[in-house]
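# Residue-level structure breakdown
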Amino acid sequence: MNRPDDFYIGWEAKAAPSIGRTMRKVVMALLLLALLAPVVLAVSQRMIGTSVFEWGIHKTFSGILQTQPYPHLLVSRPGNAGGRPRFSTYYLVAPWKFGLDQKAIAPLDGKSVTLKGTLIYRGNQTMIEVLPGSMQMTNVAATTALPQAMPLGKQTLQGEIVDSKCFLGVMNPGQLTPHRACAIRCISGGVPPVLLVRRNDGPAIYLLLVSAEGKPVNQQVLEMVAEPVEITGEVERQGDLLILRADPATYRKL
């Protein structure tokens, strides 16, 4: 118990020694807490991942154009692929919030082309924002067989529908509810929609979403973008691409 002279009296010029020591300890503890709180908060946040958009840098790419199910470029890997697909696959999109016009490039489907564009990537997923007017057909013939779809069976997957352009690097983080409005605009503009499946025991999986017939589903998935969903459909691998075939009417919100 404090002695009578240890009581704090507000009008006195100086507090009792024991009260002063207690207040100094309290102030030091509060200062330490104020310094540690931002560190603890930052460490506890989920990492948003490493994604890159080489804005302002235009490179030249050559490969075979595929327009289905969404435009992408197949670039042959030199030498022995070491068990990997013989082609690297690059999604192709237009500047801003648009995909490439499939009708405009349809005559080049399956042809060798050269183009200029800006590289976008996250992990092993790559995309090119094509410089308008830069795509041209070349006389180079394909020297290896094009990748064929490999069925992986019917699967039920849970994840989030994201727009591939922002998620791969143009926006960070390009996912979850804060990004929903932007993702809807991108997908409605033709950017390929992707099902992002997060895993606790390994890297995330990305699957291009198409209808059961293999057609784009941009307009049909807009109401489910940035929402947790469950999709049951046929999964197939085409080179680097994983493709999920399912009727959007069967998608289920979780």
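Model, not experiment: these values are computed from the prediction.

Throughout the structure, instances matching the rule amount to two aromatic pairs. Between Phe61 and Tyr90, the ring centres sit 5.8 Å apart and the planes meet at 50°, which makes this aromatic pair tilted. Separated by 29 residues along the polypeptide, Phe61 in strand β2 (residues 59-66) and Tyr90 in strand β4 (residues 87-94) bring together distant segments of the chain. The buried category is assigned to Phe61, whose relative accessible area is 10%. When the centroid spacing of 5.7 Å and the interplanar angle of 50° are considered together, the rings of Phe167 and Tyr206 count as tilted. With Phe167 in helix α3 (residues 164-170) and Tyr206 in strand β11 (residues 205-210), this pair connects stretches of sequence that are 39 residues apart. Directly above the aromatic system of Phe167 lies the positively charged group of Arg122, at a separation of 4.0 Å from the ring centroid.

This part takes up the nonpolar core. If you look at the biggest cluster of nonpolar residues, it comprises 36 residues, and the most contacted ones within it are Ile161, Leu195, Leu207, Leu209, Ile231, Leu244 and Tyr251. For this core, the elements supplying multiple residues, two or more each, are β4, β9 (150-163), α3, α4 (180-188), β10 (193-197), β11, β12 (228-238) and β13 (241-245). If one sorts the elements of this core by residue count, β11 sits on top with five residues. Not counting residues up to four positions away in its chain, the partners in contact with Ile161 are Ile187, Pro193, Val194, Leu195, Leu209, Val221, Met224, Val225, Ala226, Glu227, Val229 and Tyr251. Membership of the second largest hydrophobic core comes to 15 residues, among which are Leu73, Leu92, Ala94 and Met135.

So, about the side chain of Glu236. Following the sequence through the fold, Glu236 ends up in strand β12. Among the polar contacts made by the side chain of Glu236, one reaches the side chain of Arg245 at a distance of 3.2 Å. With sequence-adjacent residues up to four places away left out, Glu236 is seen in contact with Ala149, Met150, Pro151, Leu152, Leu241, Leu242, Ile243 and Arg245.

The residue Arg122 is located in strand β6 (residues 112-122) in this model. A relative accessible area of 8% places Arg122 in the buried class. When the C-alpha atoms of Arg122 and Gly169 are compared, they prove to be 6.5 Å apart, with 47 residues separating the residues in sequence.

Across a regular strand the side chains alternate sides, sitting on one face of the sheet and then on the other. For strand β7 (residues 125-130), the buried fraction is high: six of the six residues fall into the buried class. Because side chains alternate across β7, one face comprises the buried residues Gln125, Met127 and Glu129, and the other comprises Thr126, Ile128 and Val130, equally buried. Pairing analysis gives four bridges linking β4 to β7, with the strands arranged parallel. Paired with Leu92 across the bridge in β7 is Ile128. When β6 meets β7, the two strands line up antiparallel, connected through six bridges. Pairing of Tyr121 across the sheet is with Thr126, part of β7. Once β6 ends, the chain turns through two residues before running back antiparallel as β7, passing Gly123 with a positive phi of about 60°.

Our next topic: α4. An α-helix turns once per 3.6 residues; consequently, residues spaced three or four apart project the same way. Here α4 has its buried residues at Cys182, Ala183, Cys186 and Ile187. One side of α4 carries all its buried residues, which in axial view fall inside an arc of 125°. For α4, the exposed residues set more than 90 degrees away from the buried face come down to Ala181 and Arg185. Along its buried surface, α4 packs onto β9, α3 and β10.

Conventions and cut-offs
Residues numbered from 1 in each chain as written. Predicted model: local features only at pLDDT ≥ 70, side-chain atom pairs only at ≥ 80, totals over all residues. Heavy atoms only, no water. Phe/Tyr/Trp six-rings, centres within 6.5 Å; stacked < 30°, edge-to-face > 60°. Helix = DSSP H or I, 4+ residues; strand = E, 2+ residues; numbered from the N terminus. Buried < 20%, exposed > 50% of the residue type's maximum accessible area, 1.4 Å probe, protein only. Lys NZ or Arg CZ within 6 Å of the ring centre and 35° of its normal. Core = buried A, V, L, I, M, F, W, Y, C linked by side-chain atoms within 4.5 Å. Contact = heavy atoms within 4.5 Å. Polar contact = N/O pair within 3.5 Å; in protein donor to acceptor, adjacent residues only side chain to side chain. Pairing = 2+ DSSP bridges. Arc of directions from axis to C-beta.

Shape is all these values report; function is a separate question.
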